[in-house]
Amino acid sequence: MRELAYLRPDDAAAAVAAVADHPNAMFLAGGTNLVDHLKLGVTAPELLVDVRGLPHDDIVEHDGPDGPVLCVGAAVRNSDLAAHPLLRSRVPAVSRALLAGASPQIRHQATTGGNLLQRTRCVYFQDLSTPCNKREPGAGCSALEGYGRYNAVLGASDDCVAVHPSDLAVALAAVDAVVVVLGVDGERRIPLVDLHRLPGDRPDLDTTLARGDLVTSVEIPLTDLARRSTYVKARDRASYAFALVSVAGALDLDGDTVRDVRIAWGGIAHKPWRATRAEDALRGGPLTEERVREAAEAELADARTTEQNAWKVPMVRNATVQVLTALAEEAHR
Amino acid sequence: MIKLTIDGTEREVSVDTRTTLLDALRERLDVTSPKKGCDHGQCGSCTVLLDGRRHLTCLALAVSYDGSDIVTADGLAGAGDGAEGDDLHPVQEAFLAHDGYQCGYCTPGQVCSAVGMLDELKEGHPSHVTEDLEGSPEPTDEELRERMSGNLCRCGAYVGILDAVREAAGEVTA
């Protein structure tokens, strides 16, 4: 690990200024991903700006212009958010997604903001002996020709086939969450679905954030739709593993007719994949297994796979059927 | 210079910014109860109770934890209800009674994790396998296994660990 300066500012504005003013500075939050990367040499900042202790650590309900919103401070720990009574009753998909991630110890450490900004677990990104465009722009992508079981099937590029690892981000994408960001020019609000980006020819950039931008909170709308929501995650072992594929869904039924629906996928793309094409196909019609399968297939029409990861397509389709039929059964109970 | 309260004793140590909490404890302060297993947050053997919650020390920079209160498995002795001095914590007793280990390397982490886990259960925190998110989770085997899944045991003493944790859970929730 190279020499490292450390700063613990008292407020968010000072933290933003410290990172913006330095050519090679990074924010440190829970550290569950970044500290590992420092050890591995995946990243080598000269200055760490510690935002773990900033006072963005509460969860409050407030009235937004479009209804009640749960405002979650960026420093709130994953375990505290998952256990929050209002989240469990009003937005279960987000609680379930958090509980499906990492281990209890890590959830006590990891923060809301940090979870969203964690880096891919593509094996080549973490392996310094192999080229990776995300780690070193222009170096080449080892996953294209190499071990490709975890590779993205939607929205990948010739430069990068990595997937985003966060469970939380997938659930937040499904429930129309908004990320509040403080930058050098002040505060702005970014829909969660626009926080992460597709790799294109700049896979080194995971998000649309600029240098010095600090996530200060996440707003989760407390809608009727989100009340009936859940998260399903397929993985290689029962616990403590990243998603092979995952599905967050929310469903509002009028009898058997889909009044409104949300679907987001994880393990599929470089960002949480909001399946708007599938949602549009389902709205206004009856909720049947057949229609969910067709809607998911429409969303997956552009999927590009190899023989190593082709199984992801039927797996995410079937998981989507599982999620929405379970929510429909719950609605009819 | 950072200050840490470790097993009830206040300690001061000067650390490089790159030093992890685990290395500060083991190499600088001679607190060797937390073990270095994978050193990448994958095994749980470095688990301590930090400000009352189970926490990894390998994925934590010591400078960031100035002022923290740390309890290691070593410090749990004498910490049970009505315990004195070297009396083992009920969770430690349960691990002994049920052979919750073979080589013992992961045990301090397992024990700290189990103590933290039982507190979470008492507070009604849900887990991945909790069916009713709004209900009070019960210490079923399925719940205990999921809640202990952050601690690996390469000897595979999971059957004994589960027996130990089940007994301790019975005492806590009874």
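Keep in mind that this is a model prediction, so the values were computed, not measured. (Residues numbered from 1 in each chain as written. Chains lettered and ligands numbered in written order. Predicted model: local features only at pLDDT ≥ 70, side-chain atom pairs only at ≥ 80, totals over all residues.)

**Q** Which parts of the structure should I look at to understand the overall build of chain A?
**A** Tallying secondary structure elements over chain A gives 12 helices and 12 strands in all. A globule of 333 residues ought to have a C-alpha radius of gyration of about 20 Å, and chain A, at 20 Å, matches this closely. Along the longest, intermediate and shortest principal axes, the C-alpha atoms of chain A span 60 × 50 × 35 Å. Buried residues in chain A amount to 53% of all 333 residues. Taking contacts inside chain A between residues at least 6 apart in sequence as the whole, the part at least 24 apart equals 65%. (Helix = DSSP H or I, 4+ residues; strand = E, 2+ residues; numbered from the N terminus. Rg over C-alpha atoms; globule rule 2.2 N^0.38 Å. Buried ≥ 20, exposed ≤ 12 C-beta atoms within 10 Å, placed from the backbone. Contact = placed C-beta atoms within 7 Å.)

**Q** Is there a simple way to think about the interface of chain B and chain A in this case?
**A** By a widely used convention, the size of an interface equals the accessible area lost when the partners come together. The partner chain A presents 26 residues to the 28 residues of chain B that form the contact. Put simply, the parts of the chain that give the side of chain B that touches chain A at least two residues each are strand 4 (53–55), helix 4 (107–122) and helix 5 (141–147) of chain B. When residues of the side of chain B that touches chain A are assigned to their parent elements, the largest contribution, three residues, is made by strand 4 of chain B.

**Q** Teacher, can you tell me more about the nonpolar core here?
**A** Side chains that are nonpolar tend, in soluble globular proteins, to be buried together. Within the largest apolar cluster, 154 residues are counted, with the highest numbers of intra-cluster contacts made by Val94(A), Ala171(A), Leu172(A) and Val175(A). In this view, Leu172(A) contacts Val94(A), Ala177(A), Leu192(A), Val218(A) and Ile220(A); residues no more than four positions away in its chain are not counted. (Core = buried A, V, L, I, M, F, W, Y, C linked by C-beta atoms within 7 Å.)

**Q** Would you mind showing me how to read the domain arrangement of chain A here?
**A** For chain A, the assigned domains are domain 1 (5–50), domain 2 (59–117 + 163–221) and domain 3 (225–332). Taking only C-alpha atoms, the centre of domain 1 of chain A and the centre of domain 3 of chain A are 36 Å apart. (Domains from an automatic or database assignment.)

**Q** Can you walk me through the sheet that holds strand 5 (residues 69–71) of chain B in this structure?
**A** Residue and element names in this part refer to chain B. The strand order across the open sheet built from five strands is 2-1-5-3-4, with neighbouring strands paired in mixed fashion. Looking along the sheet, the strands with just one partner apiece sit at the ends: strand 2 (9–13) and strand 4. The mean inter-strand angle of the sheet, taken between neighbouring strand axes irrespective of direction, is 35 degrees. Sheet topology note: the strand 1 (residues 2–6)/strand 2 ladder contains five bridges and is antiparallel. Bridge pairing in strand 2 links Leu-4 to Arg-11. (Pairing = 2+ DSSP bridges. Axes fitted to C-alpha atoms, helices over the stretch in contact; angles between N-to-C directions.)

**Q** It is not clear to me how the packing of helix 11 (residues 289–299) of chain A against helix 12 (residues 312–332) of chain A should be interpreted in this structure. Could you clarify?
**A** The description of two packed helices rests on the angle between their axes and on the distance between the axes. Residue and element names in this part refer to chain A. Interaxial distance between helix 11 and helix 12 falls to 9 Å at its minimum, and their mutual angle equals 135 degrees. Taken together, the axes of helix 11 and helix 12 lie oblique to each other. In the crossing of helix 11 with helix 12, the sense of the turn from one axis to the other is right-handed. On helix 12, the residues that touch Glu-289, Val-292, Arg-293, Ala-296 and Glu-297 of helix 11 are Arg-317, Thr-320, Val-321, Leu-324 and Thr-325. Grouping the constituent residues of the contact of helix 11 with helix 12 by class yields four nonpolar, two polar and four charged. (Parallel < 35°, antiparallel > 145°, perpendicular 65-115°, else oblique. Left-handed = near helix turned anticlockwise from the far one by under 90°. Nonpolar A, V, L, I, M, F, W, Y, C, P; charged D, E, K, R; others polar.)

**Q** How should I be thinking about the domain arrangement of chain B in this particular structure?
**A** Residues and elements named next belong to chain B. By domain assignment, chain B separates into domain 1 (2–75) and domain 2 (84–173). Centre-to-centre separation of domain 1 and domain 2, based on C-alpha positions: 21 Å. Contacts between the two partners involve 15 residues from domain 1 and, on the opposite side, 13 residues from domain 2. Elements with a contribution of two residues or more to the side of domain 1 that touches domain 2: strand 3 (48–50) and strand 4. Its residues assigned to classes, the side of domain 1 that touches domain 2 shows six nonpolar, six polar and three charged.

**Q** Please explain the pairing of strand 9 (residues 229–234) of chain A as it appears in this structure.
**A** Along any regular strand the residues' side chains alternate between the sheet's two faces. Residues and elements named next belong to chain A. With five of six residues buried, strand 9 lies mostly within the body of the structure. Bridge count for strand 9 against strand 10 (residues 245–254) is six bridges, and the pairing is antiparallel. Residue Lys-233 lies in a different strand from strand 10, and its bridge partner there is Ser-246.

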